[in-house]
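Spelled out from the first residue to the last, the chains are:
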Amino acid sequence: MQLVDTHCHLTFEDFGDSLDAVLERSVEAGVTGWITVGTSIEDSGKAVRLAQKYDNMYAAVGIHPHDAKNVTDADICRLAELAEEKKVVAVGETGLDFHYNFSSQEAQKKVFINHIELAAKTNLPIIVHSRNAFDETLDILEKHGSGIEKIVFHCFVGDVEQARILLERGYFISFTGVVTFKNAEKTRQAAAAVPAERIMLETDCPYMSPVPMRNVRPNEPALMVHIAKLFAEIKGLPLEQFADITSRTSRAFFGF
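If you're wondering where the values come from, they're calculated on a predicted model, not measured in any experiment. (Residues numbered from 1 in each chain as written. Predicted model: local features only at pLDDT ≥ 70, side-chain atom pairs only at ≥ 80, totals over all residues. Heavy atoms only, no water.)

Novice: Help me out: how do you make sense of the overall build of the protein chain in this one?
Specialist: If you tally the helices and strands in the protein chain, you get 9 helices and 8 strands. Here the C-alpha atoms of the protein chain give a radius of gyration of 17 Å, agreeing with the 18 Å that 2.2 N^0.38 yields for 256 residues. If you line up the protein chain on its principal axes, its C-alpha atoms span 45 × 40 × 30 Å. Here the protein chain, with 256 residues, has 56% of them falling under the buried criterion. Taking all contacts inside the protein chain whose residues are at least 6 apart in sequence as the whole, residues at least 24 apart take part in 73%. Here the protein chain has roughly 11200 Å² of accessible surface; of this, 48% comes from carbon and sulfur atoms. Of the side chains in the protein chain, 26 bear a positive and 36 a negative charge, and the two mean positions are spaced by 2 Å. (Helix = DSSP H or I, 4+ residues; strand = E, 2+ residues; numbered from the N terminus. Rg over C-alpha atoms; globule rule 2.2 N^0.38 Å. Buried < 20%, exposed > 50% of the residue type's maximum accessible area, 1.4 Å probe, protein only. Contact = heavy atoms within 4.5 Å. Areas by Shrake-Rupley, 256 points an atom, 1.4 Å probe, with all protein chains shown as cover. Lys, Arg positive; Asp, Glu negative; His and termini not counted. Charge placed at Lys NZ, Arg CZ, Asp CG, Glu CD.)

So, in structure tokens, the structure goes:
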């Protein structure tokens, strides 16, 4: 079994000097590939350098919507430079977060469009963060995203109808450990409705450790096997078979 953690934050301080051990545990568990995802200009630079250091690790470069209020034209130019670096496989994470609104909604929309334009220019996939902003996110993608071939909604926690809409648009859906939570029945129902070939898995670590490891802090890639086991049960497939399907999907989507 060789799973790919398609969205993790291995640059965060939670891992510090322990990253080598974290990756060793990951490989032992069967999670053998990682995409470490940038959340700021500085963090995206770290993600690129980290990906270039480790085999089977790749980077995505982006600015989280929380920080949209601080983004300058120079930041967008620097992001474009980072997107050209070796082992960068996506733009993001980017999108809209109307739950916290740490940045104004207008600032978030502007920076999201900047990312969409960059993804189209570089022909890279885009990793979309959408929280309490489903309709607004879709509206921006419809108006500005025609030049992007590959779009994935990360950390999906929506319902069956929202999943159906994303699938109809040709998007992919990525699930975290949230799907294992006791109160996430609507998301499990959505997971059941998504074809296995359109599913990707992620930890979004260091956050959201899956059941039965909810007390483990920080979350880490090795724990993604618990998400994969649940999906195999939902799909009625042997774990190895489901792992093979989602890993092939992930590698084809991100091009490695």
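Resuming the write-up.
Novice: Please explain the sheet that holds strand S3 (residues 57-61) as it appears in this structure.
Specialist: Strands in a sheet are paired, the pairing made by backbone hydrogen bonds, and the direction either parallel or antiparallel. In space, the 8 strands of this open sheet follow the order S1-S2-S3-S4-S5-S6-S7-S8, with parallel pairing throughout. Strands with a single pairing partner mark the edges of an open sheet, and in this sheet they are strand S1 (3-8) and strand S8 (199-201). Ignoring which end each strand starts from, the neighbouring axes of this sheet average 30° apart. Both strand S4 (residues 88-97) and strand S5 (residues 126-131) contribute to a ladder of 5 bridges, which runs parallel. The residue of S5 that forms the bridge with Asp97 is Arg131. Strands S4, S5 and strand S6 (151-153) of the sheet are contacted by helix H5 (residues 134-144), whose axis makes an angle of about 175° with S6. Running over the sheet, helix H8 (residues 224-235) touches S1, strand S2 (31-37), strand S7 (172-175) and S8 and is turned about 155° from S8. (Pairing = 2+ DSSP bridges. Axes fitted to C-alpha atoms, helices over the stretch in contact; angles between N-to-C directions.)

Novice: Can you help me understand helix H7 (residues 185-193) in this one?
Specialist: For an α-helix the count is 3.6 residues per turn, leaving residues at separations of three or four pointing the same way. Looking only at H7, the buried set comprises Thr187, Arg188, Ala190 and Ala191. The buried residues of H7 occupy an angular sector of 155° when projected down its axis, which confines them to one face. In this structure, the buried residues of H7 make contact with helix H6 (160-168), S7, S8 and H8. (Arc of directions from axis to C-beta.)

Novice: What should I look at first to understand the environment of Ile165 in this one?
Specialist: The topology assignment puts Ile165 in helix H6. In this structure Ile165 comes out as partly exposed when scored by relative accessible area, which is 23%. If sequence neighbours within four positions are ignored, Ile165 has contacts with Phe134 and Leu138.

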